[in-house]
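# A closer look at the structure
As a plain string of letters, each chain reads:
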Amino acid sequence: MIKVLRGWMQRYFSDEEAVVLAVLLFLAFAAVLTLGKMLAPVLAGLVLAFLMQGLVAALERLRVPHSLAVWLVFLMFIGVLVVCLLFIVPLLWQQLLTLFNELPRMLVEWQSLLLLLPERYPQLVTEEQVLRGIDFMRGEIGRYGQLVLTSSLSSLPLLIGLMIYLVLVPILVFFFLKDRQQISDWIKGYLPRERGLITQVSQEMNLQIANYIRGKVIEILIVAAVSYAVFAALGLNYAALMAMLVGISVVVPYIGATVVTIPIALIGIFQWGLGDQFFYLMVAYAIIQTLDGNVLVPLLFSEAVNLHPVAIICAVLLFGGLWGFWGVFFAIPLATLFKAVLYAWPREPAAVVVAPSE
């Protein structure tokens, strides 16, 4: 057994660069796991700066000086942030509060529809099961509604944390954009001189992560905007809130669209019943999802992420459980990083045992 382990270590860890890369990855994951909450503003600023670096590079290709390009992109970021804080966030919050106030009345309507199921399909569901499910939903809705109301009225820590983010994150974004080269050179100064493997993995991941994150943010914005326009045109209640859910749902492949269908369908049934308007809503939602998967995604993601669906779902579950929403958002890039490391990892050829000739 010891000989087998020694041979495995010799095969996969005989290269010094491989050992350095393994140590760096371990330290990076350990730092995020242990210090992630304290360094959350830094990580948020780093992600936002990474998203906007493409705009800075595009302006520099047009021969705009680096400082001016950084200032233009940063002012655009501040403008978008102000619009979100003054218009979009209050609208979403108001619709969320209204929805939680309306949920008890919605439950009564849904209860009358759900109680028809035992009459039509007695072998599949009983009236007791339906009532038990309704009681569970009522309890969960009351708990989350109380949480929303409490956080909106008396959450001083939440307000302080929000103010910290609003002050620190823009400052960090500016310096990450302005001093990107200096920060990169400073980090490289602590790396080994011989770092061919690290450079290979970092270059591949920089390209794939940049394409994925920027493409995913653009996809979220386009899908949310189109969904809001369609829902508002149909007159759906809570159109902005539902559009935000549809936009966020594209973060989770294969699952998000299916999950978000449920609240949209329930609100449509409560508002219109099983009539023509409800049918138009569901057809429009199906068209949005179809166009997103078959038109928008191929256009945005020129560098296809070659991962099996099972690997993607496992990555979403694993990193989502570790880091919540951000873990879900970065699940595919992190899975791609793991795959890139595996493919680039140096392997010593296995020893060939030759039988002695007789």
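Residues numbered from 1 in each chain as written. Predicted model: local features only at pLDDT ≥ 70, side-chain atom pairs only at ≥ 80, totals over all residues. Heavy atoms only, no water.

Named according to an unreviewed UniProt entry, the protein chain is Permase originating from Stutzerimonas stutzeri. Reading the Sequence similarities (unreviewed entry) entry of the UniProt record for the protein chain gives the comment "Belongs to the autoinducer-2 exporter (AI-2E) (TC 2.A.86) family." One UniProt comment on the protein chain, placed under Subcellular location (unreviewed entry), says "Cell membrane". (UniProt positions renumbered as here; feature names shortened; annotations may be inferred.)

### Structural notes on the packing of aromatic side chains
When we look at a pair of aromatic rings, we describe it by the centre distance and by the angle of the planes. Tallying each qualifying case throughout the model produces 6 aromatic pairs. When the centroid spacing of 4.8 Å and the interplanar angle of 50 degrees are considered together, the rings of Trp71 and Phe174 count as tilted. Separated by 103 residues along the polypeptide, Trp71 in helix H4 (residues 66–114) and Phe174 in helix H7 (residues 156–178) bring together distant segments of the chain. The exposure class assigned to Trp71 is partly exposed, which follows from its relative accessible area of 45%. Given a relative accessible area of 12%, Phe174 falls into the buried group. Measuring from centroid to centroid gives 5.4 Å for Phe174 and Phe175, while their planes differ by 80 degrees, and the two rings are edge-to-face. (Phe/Tyr/Trp six-rings, centres within 6.5 Å; stacked < 30°, edge-to-face > 60°. Helix = DSSP H or I, 4+ residues; strand = E, 2+ residues; numbered from the N terminus. Buried < 20%, exposed > 50% of the residue type's maximum accessible area, 1.4 Å probe, protein only.)

### Digging into the packing of H4 against helix H10 (residues 239–249)
Relative orientation of the contacting elements H4 and H10 amounts to 105 degrees, with a least axis distance of 8 Å. The orientation of H4 with respect to H10, classified from their angle, is roughly perpendicular. Across the interface between the two elements, Leu91, Leu92, Gln95, Leu96 and Leu99 of H4 pack against Ala239, Ala240, Leu241 and Met244 of H10. A breakdown of the residues in the contact of H4 with H10 according to their chemical character gives 8 nonpolar, 1 polar and no charged. (Axes fitted to C-alpha atoms, helices over the stretch in contact; angles between N-to-C directions. Parallel < 35°, antiparallel > 145°, perpendicular 65-115°, else oblique. Contact = heavy atoms within 4.5 Å. Nonpolar A, V, L, I, M, F, W, Y, C, P; charged D, E, K, R; others polar.)

### Quick notes on the UniProt feature "transmembrane region" (unreviewed entry) in the protein chain
When the UniProt feature table is mapped onto this chain numbering, "transmembrane region" (unreviewed entry) sits at residues 40–59, 71–93, 156–177, 217–236, 242–266, 278–301 and 307–332. Regarding residues 71–93, the helix share stands at 100% and the strand share at 0%, and the terminal C-alpha atoms are separated by 31 Å.

### Regarding the pattern of salt bridges
Tallied over the entire structure, the rule returns 2 salt bridges. With a closest N to O distance of 3.1 Å, Lys216 and Glu219 form a salt bridge. Here Lys216 pairs with Glu219, and both are found in helix H9 (residues 196–234), just 3 residues apart, close to one helical turn. (Salt bridge = Lys/Arg side-chain N within 4 Å of Asp/Glu carboxyl O.)

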